[in-house]
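# Observations on chain architecture
Read off the chains here:
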Amino acid sequence: MGARTRVSRRKVMAATAALLFVPMTKATAEERGAPADDGLNLRHHAVNLNYRPESDTLAGVTTIVGTATRKLSSFDLNFLLTVTSVSVNNEPAAFTSRNGKLTITPKKPIAGDLLVVVRYRDTPGKYPGGVGRGWGWKRTPTGALAVAAAPSWYPTAFDQGDKATLDVSIVVPTGLQAVSNGALQYGGPLPVPGGDQWSWRGEVAQSSGLSLLAIGQYDLRTSTGPDGKQVVTAYGKDLGALDAPARASVERTPEIVLALSNWFGPYPYAALGGVVDKAFFNVVATTTRPIYDGDYFQGGANASMVAHENAHQWYGNAVNPVDQWLSEGFASYAEFLWSELEGLGTATELAQYYYDQFPAGHEAWAQPPANPDPESNLAFPIYTRGALALQALRTKVGDETFVRILRTWVTDQKTEAATTAEFVEHAERVAGTGLTDVFQPWIYAAERPAVGPNGPAVARYAAKPKSYDTITGNRDRLASSQH
Ligand SMILES: [Zn+2]
């Protein structure tokens, strides 16, 4: 493939990533034309579905519990499918649907407690993904996938960063499995007329932008993880030679989550696991349960990627940042920490080796993590340099304060869309000192920091850390879609 083609494809992918991920922020909701304050605070979605893969027919009833934060004569939900009826606070309500916007007009204006019931029936595969729609509803050889694509299967607020709990119950033909976010209920499927009913409960509020529904032929494994939390992993039955390396990676999720929680603090959700499906084409840290394209294990086991995706449960999900280095720099740093535990190179060695790769004046340093040109290749600035910035912070404040900064960044999170300025302020408050000499060169400057991530006294490392190629390879694949 020629260089020109590569560049243009990279630009397209960078643009796609921006489109797919920024929608979770309030700023983009405004840019998209949704009101800055929609007057809605949704707390819970109870989604009941019946899906027939052969005809791609989805019938559903979603019950939403929330609050109208001011008097509303009508309100909008983000939903693509054909609606058959709506009620608001147990009264039938008028509604119109257009281009993914469901406008609901109650009999009389409402304020305060809100109970919305939406009934619908449609063939979701006909709606493409896009802004605010994630990857859309994707039919697969044995079922369907909806990754970060809530409007394809349940109505929710336009502001996808606005967190709510999610319970999903779905009937699929016997012999298929249906996997969602949260914990599997009743120990498995319940036989009901028309097939098997799979029920999942998400006790902790999550972004609707990171919901998951995976229907197909999977081998499900259920076990108990750290703090007694339920672990459910699912492997497509058609993985073939990819099955073993996928399991050698994703089955280590409980061990990896436990290791990460020693750094980042308690795992923020009530369940964990993963889905591996070769009908998907990406890796996404959907809440509680990342989904991995089986092809990502073509090169063999890759526990480092599992560490990356599960780090996003803290940084990317529990904390939902505007600036992507606050997700990707942290998740890449988790790969450094995991490498150290595996004896494949320490975080210090990795950070130094990356720093030494590019001299001052090299174009790699031209894009600062805090505000890079979105048209540029973001792999190094957001992922690697973001991780190096954390190593520089650790060098400056010491391990104990560094861990306190990371943990309280999650537990003290008050905004739905965290910014770099908030992180800097947070770190300085926890450290009790100004940190301009770390953040200015590492996060804001469009040049190589004069002092390396381990401080001025550290010499170059001659030997490449063993995990370097894996972590760099993960970065370059994940950076094409920012996961
Ligand atoms: Zn990532």
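Scroll up for the structure.
### Overview of the pairing of strand β18 (residues 230-236)
- The element β18 is extensively covered by neighbouring structure, given that seven of its seven residues are classed as buried.
- Burial of β18 is two-sided: the residues Gln-230, Val-232, Ala-234 and Gly-236 facing one way and the residues Val-231, Thr-233 and Tyr-235 facing the other way are all buried.
- Across seven bridges, strand β17 (residues 218-224) lies against β18 in antiparallel orientation. Residue pairing across strands places Ser-223 opposite Val-231, the latter belonging to β18.
- Here β17 folds back onto β18, and the loop between the two strands holds five residues, one of which, Asp-227, carries a positive phi near 60°.

### With respect to the pattern of salt bridges
- As enumerated under the stated definition, the model contains 16 salt bridges in all.
- For Lys-107, the salt bridge identified is with Glu-91, shortest N-O distance 3.7 Å. With a gap of 16 residues between them, Lys-107 in the loop between β7 (101-105) and β8 (110-122) and Glu-91 in strand β5 (residues 91-92) connect regions that are remote in the sequence.
- Given a relative accessible area of 64%, Lys-107 falls into the exposed group.
- Since its relative accessible area comes to 34%, Glu-91 is described here as partly exposed.
- The residue Lys-464 makes a salt bridge to Asp-469 at a minimum N-O spacing of 3.1 Å.
- Lys-464 sits in the partly exposed class, given a relative accessible area of 42%.
- Looking at Asp-469, the relative accessible area reads 47%, which means it is partly exposed.

### Comments concerning the nonpolar core
- If you look at the biggest cluster of nonpolar residues, it comprises 78 residues, and the most contacted ones within it are Phe-264, Phe-330, Phe-336, Leu-393, Phe-423 and Trp-442.
- For this core, the element with the most residues is helix α8 (residues 379-397), which contributes eleven residues.
- Both of domain 2 (217-319) and domain 3 (325-478) provide at least three residues apiece to this core.
- Leaving out residues up to four positions away in the same chain, Phe-423 has contacts with Trp-325, Leu-326, Phe-330, Leu-390, Leu-393, Ile-405, Trp-409 and Phe-439.

### Focus: the sheet that holds β17
- Across the sheet, which stays open at both edges, the five strands sit in the order β17-β18-β19-β21-β20 with mixed pairing between neighbours. The outermost strands of the open sheet, each flanked by one partner alone, are β17 and β20 (283-284).
- Here β20 runs beside strand β21 (residues 291-292); their pairing, made up of two bridges, is antiparallel. Paired with Val-283 across the strands is Tyr-292, a residue of β21.
- Helix α3 (residues 243-250) contacts β17, β18, β19 (271-276) and β21 of the sheet and is inclined by roughly 165° relative to β18.

### As for the environment of Lys-278
- Its place among the elements puts Lys-278 in the loop between β19 and β20.
- According to the relative accessible area criterion, Lys-278 is partly exposed, its value standing at 38%.
- The sequence separation of Lys-278 and Thr-165 amounts to 113 residues, and the corresponding C-alpha distance is 28 Å.
- Setting aside residues no more than four positions away along its own chain, Lys-278 makes contact with Asp-238, Leu-239, Asp-293 and Gly-294.
- Among the polar contacts listed, one links the side chain of Lys-278 to the backbone oxygen of Asp-238, at a separation of 3.0 Å.

### Section: the pairing of β8
- Two strands pair when backbone bridges link them, and strand β2 (residues 57-72) and β8 are joined in this way by twelve bridges, in the antiparallel orientation. Pairing of Ala-68 across the sheet is with Gly-112, part of β8.
- Of the pairings in the sheet, the one linking strand β4 (residues 83-88) to β8 comprises five bridges and is antiparallel in character. Across the sheet, Val-83 pairs through a bridge with Tyr-120, a residue of β8.

### A few points about the packing of aromatic side chains
- Tallied over the entire structure, the rule returns 27 aromatic pairs.
- Plain terms: the ring middles of Phe-330 and Phe-423 are 5.4 Å apart, the flat faces sit at 75° to each other, and that makes the pair edge-to-face. Taken as a pair, Phe-330 in helix α6 (residues 325-341) and Phe-423 in helix α10 (residues 420-431) lie far apart in primary sequence, 93 residues in all. Taken individually, Phe-330 and Phe-423 each receive the classification buried, so the pair is uniform in this respect.
- Here the aromatic rings of Trp-365 and Phe-380 are separated by 5.1 Å at their centres, their planes lie at 90°, and the arrangement is edge-to-face. In this pair, Trp-365 is assigned in the loop between α7 (347-357) and α8 and Phe-380 in helix α8, connecting sequence segments 15 residues apart.
- Here Trp-365 falls in the buried class, since its relative accessible area comes to 1%.
- An aromatic cluster is defined as three or more aromatic residues linked by ring pairs; in this entry it consists of Phe-264, Tyr-267, Tyr-269, Trp-314, Tyr-315, Trp-325, Phe-330, Trp-409, Phe-423 and Phe-439.
- Over the aromatic face of Tyr-235 sits the side chain of Arg-247, whose NZ or CZ is 4.4 Å from the ring centroid.
- The aromatic ring of Tyr-355 is capped on one face by Arg-448, whose charged end is 3.7 Å from the ring centroid.

### Let's talk about the packing of α8 against helix α11 (residues 436-444)
- Orientation of α8 relative to α11, taken along the N-to-C sense of each, is 170°, at an axis distance of 9 Å. The pairing of α8 with α11 is recorded here as roughly antiparallel in orientation. Of α11, the residues touching α8 (which contributes Arg-385, Leu-388, Ala-389, Ala-392, Leu-393 and Lys-396) are Asp-437, Val-438, Phe-439, Pro-441, Trp-442 and Ile-443.
- Class assignment of the residues belonging to the contact of α8 with α11 gives a composition of nine nonpolar, no polar and three charged.

### Here we look at the sheet that holds strand β10 (residues 144-147)
- Taking strand neighbours across the sheet as the criterion, the four strands line up as β9-β10-β16-β12 in an open arrangement whose pairing is antiparallel. On the outer flanks of this sheet lie β9 (137-139) and β12 (177-180), each paired with one strand and no other. Mean inter-strand twist for the sheet, computed between neighbouring axes without regard to direction, equals 15°.
- Looking at chain direction, β9 and β10 are connected through three bridges and run antiparallel. Bridging across to β10, Trp-137 finds its partner in Ala-146.

About the cut-offs
For every chain, the first residue of its written sequence is number 1, and the numbers climb from 1 along that sequence. Local features in a predicted model are, by the rule used here, given only for residues with pLDDT of at least 70; side-chain atom pairs are given and counted only at 80 or more, and totals for whole chains, interfaces and linings are based on all residues. Heavy atoms throughout the structure, all of them, feed into the side-chain values; hydrogens and water do not. Accessible area is worked out with a 1.4 Å probe on protein chains only. A residue is then buried under 20% of its type maximum, exposed over 50%, and partly exposed in between. Helix and strand definitions here come from DSSP, where helices need a minimum of 4 consecutive H or I residues and strands a minimum of 2 consecutive E residues; each element is numbered from the N-terminal end. Pairing between two strands is assigned when DSSP locates at least 2 bridges connecting them. The rule for a salt bridge is simple: a side-chain nitrogen of Lys or Arg has to be within 4 Å of a carboxyl oxygen of Asp or Glu. By nonpolar core we mean a set of buried residues, namely Ala, Val, Leu, Ile, Met, Phe, Trp, Tyr and Cys, connected to one another through side-chain atoms within 4.5 Å. Domain delimitation follows an automatic or database domain assignment. We call two residues in contact when some of their heavy atoms are within 4.5 Å. Angular values range over 0 to 180 degrees, each being the angle between N-to-C directions of two axes fitted as lines to C-alpha atoms, with helices fitted over their stretch in contact. Two N or O atoms form a polar contact when they lie within 3.5 Å of each other; inside protein one atom must be a possible hydrogen donor and the other a possible acceptor, and for residues adjacent in sequence the pair counts only when both atoms belong to side chains. Aromatic pairs are defined between Phe, Tyr and Trp rings, using the six-membered ring for Trp, whenever the two ring centres lie within 6.5 Å; interplanar angles under 30 degrees are classed as stacked, those over 60 as edge-to-face, and all others as tilted. A ring is considered to have a charge above it if a Lys NZ or an Arg CZ atom is located within 6 Å of its centre and within 35 degrees of its normal. For classification, angles of less than 35 degrees are called roughly parallel, those exceeding 145 degrees roughly antiparallel, those between 65 and 115 degrees roughly perpendicular, and all remaining angles oblique. Under this grouping Gly is polar, as are all residues other than the nonpolar Ala, Val, Leu, Ile, Met, Phe, Trp, Tyr, Cys and Pro and the charged Asp, Glu, Lys and Arg.

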